[in-house]
Amino acid sequence: MASKEDDEYLMLSGIQHFQFCKRQWALIHIEQQWEENVRTIEGQYLHQKADQPFVREKRGDKLIVRAMPVKSDELEITGICDVVEFIRDNQGVEINGAEGKFMAFPIEYKRGKPKQSDADILQLTAQAICLEEMLLCEIHKGFIFYNEIKHRVEVELTSDIKNKVKSLVTEMHDYYRRRHTPKVKTGSFCKSCSLQHICLPELMNKRTVKSYIEGKIKE
């Protein structure tokens, strides 16, 4: 892909939206629509603890960086890692402003508990891909801290999951270039979506918005 200005890159966080519901992602990232619900507000509160602009904290052989901006010119995505832990290791890479070599491990903070879907893992993997490109290294694992269980879960970042992220991002770019908001199958998960009133899933199931408006005009 050709290089673009950073502000034209897709948001890395959108990968999770896209995996949850492609229509939700399009409404947020293409149509720029957003509604808050309890889930999004709680999520923002949790992220406030991690998102202290690019704060470094040293603990022995561990360097902790919070709210670290990352990007991939290859995938044309950009975002912020909640936390990246750099562990001193002779097999690692050099970090600007720190002595020695380090291995990098992205850590994502989530409001709830581990999900049945791999949406959280895909977002974490995308962060790792960005770090690999920026630091010229390989990252084979990361962690997700779930606030509901107060525990971090180790995630193996395999080549298969990295390839899935790359495939999803390619699809996201295709929708974004065409400014296309897809229709999707609705389900019980729609009830917890912060965009359910904008998306109008019940209306979408029965008829198009155009036919609905035309019907109202004729009444």
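About the thresholds
Residues numbered from 1 in each chain as written. Predicted model: local features only at pLDDT ≥ 70, side-chain atom pairs only at ≥ 80, totals over all residues. Heavy atoms only, no water. Phe/Tyr/Trp six-rings, centres within 6.5 Å; stacked < 30°, edge-to-face > 60°. Buried < 20%, exposed > 50% of the residue type's maximum accessible area, 1.4 Å probe, protein only. Helix = DSSP H or I, 4+ residues; strand = E, 2+ residues; numbered from the N terminus. Salt bridge = Lys/Arg side-chain N within 4 Å of Asp/Glu carboxyl O. Contact = heavy atoms within 4.5 Å. Polar contact = N/O pair within 3.5 Å; in protein donor to acceptor, adjacent residues only side chain to side chain. Pairing = 2+ DSSP bridges. Core = buried A, V, L, I, M, F, W, Y, C linked by side-chain atoms within 4.5 Å.

1. With respect to the packing of aromatic side chains
- For the structure on display, the rule yields four aromatic pairs.
- Arranged with centres 5.2 Å apart and planes meeting at 90°, the rings of Phe 18 and Trp 25 form a pair that is edge-to-face. For the pair Phe 18 and Trp 25, one class covers both residues: buried.
- When the ring of Phe 18 is compared with that of Tyr 175, the centres are 6.0 Å apart and the planes differ by 55°; the resulting orientation is tilted. You can see Phe 18 sitting in helix α1 (residues 14–20) and its partner Tyr 175 sitting in helix α5 (residues 159–178), a full 157 residues away along the chain.
- By relative accessible area, which is 2% here, Phe 18 ends up buried.

2. Points about the pattern of salt bridges
- Going through the model one piece at a time under the given rule, you end up with 12 salt bridges.
- The closest approach of N and O atoms between Asp 73 and Lys 71, which form a salt bridge, is 3.7 Å.

3. Regarding the environment of Lys 162
- Here Lys 162 lies in helix α5.
- Given the relative accessible area of 12%, Lys 162 is considered buried.
- Those residues in contact with Lys 162, other than ones at most four positions away along the chain, are Thr 125, Ile 129, Glu 132, Ile 139 and Leu 157.
- There is a polar contact of 2.5 Å between the side chain of Lys 162 and the side chain of Glu 132.

4. Some remarks on the pairing of strand β4 (residues 77–94)
- Direction of pairing for strand β1 (residues 10–11) relative to β4: parallel, over a ladder of two bridges. For Leu 10, the partnering residue across the bridge sits in β4 and is Ile 77.
- In terms of strand pairing, strand β3 (residues 62–72) meets β4 through 10 bridges, oriented antiparallel. By the bridge assignment for β4, Leu 63 is matched with Phe 86.
- As paired elements, β4 and strand β5 (residues 101–110) share eight bridges and run antiparallel to each other. Note on β5: the bridge partner recorded for Val 93 is Phe 102.
- With antiparallel pairing between neighbouring strands as the criterion, β4 and β5 make up a hairpin whose turn holds six residues, including Gly 97 at a positive phi of roughly 85°.

5. Brief notes about unusual backbone geometry
- Notably, Glu 76 is not glycine yet its phi reads approximately 60°, a positive angle.
- Positionally, Glu 76 belongs in the loop between β3 and β4.
- Under the relative-accessibility criterion, Glu 76 is labelled buried at 2%.
- At Arg 179, a position not held by glycine, the phi torsion is positive, near 50°.

6. Some thoughts on the nonpolar core
- Trp 25, Met 68, Ile 77 and Phe 86 are the most contacted members of the largest nonpolar core, which has 39 residues in total.
- When residues of this core are traced back to their parent elements, those giving at least two are α1, α2 (22–29), β3, β4, β5, α4 (119–135), β6 (141–146) and α5.
- Tallying contributions element by element places α4 first for this core, with seven residues.
- Residues contacting Phe 86, with those up to four places away along its chain left out, are Asp 61, Lys 62, Leu 63, Val 65, Met 68, Ile 95, Phe 102, Met 103, Ala 104 and Leu 135.
- In this structure, Ile 64, Phe 105, Tyr 109 and Phe 143 belong to the second largest nonpolar core, which totals six residues.

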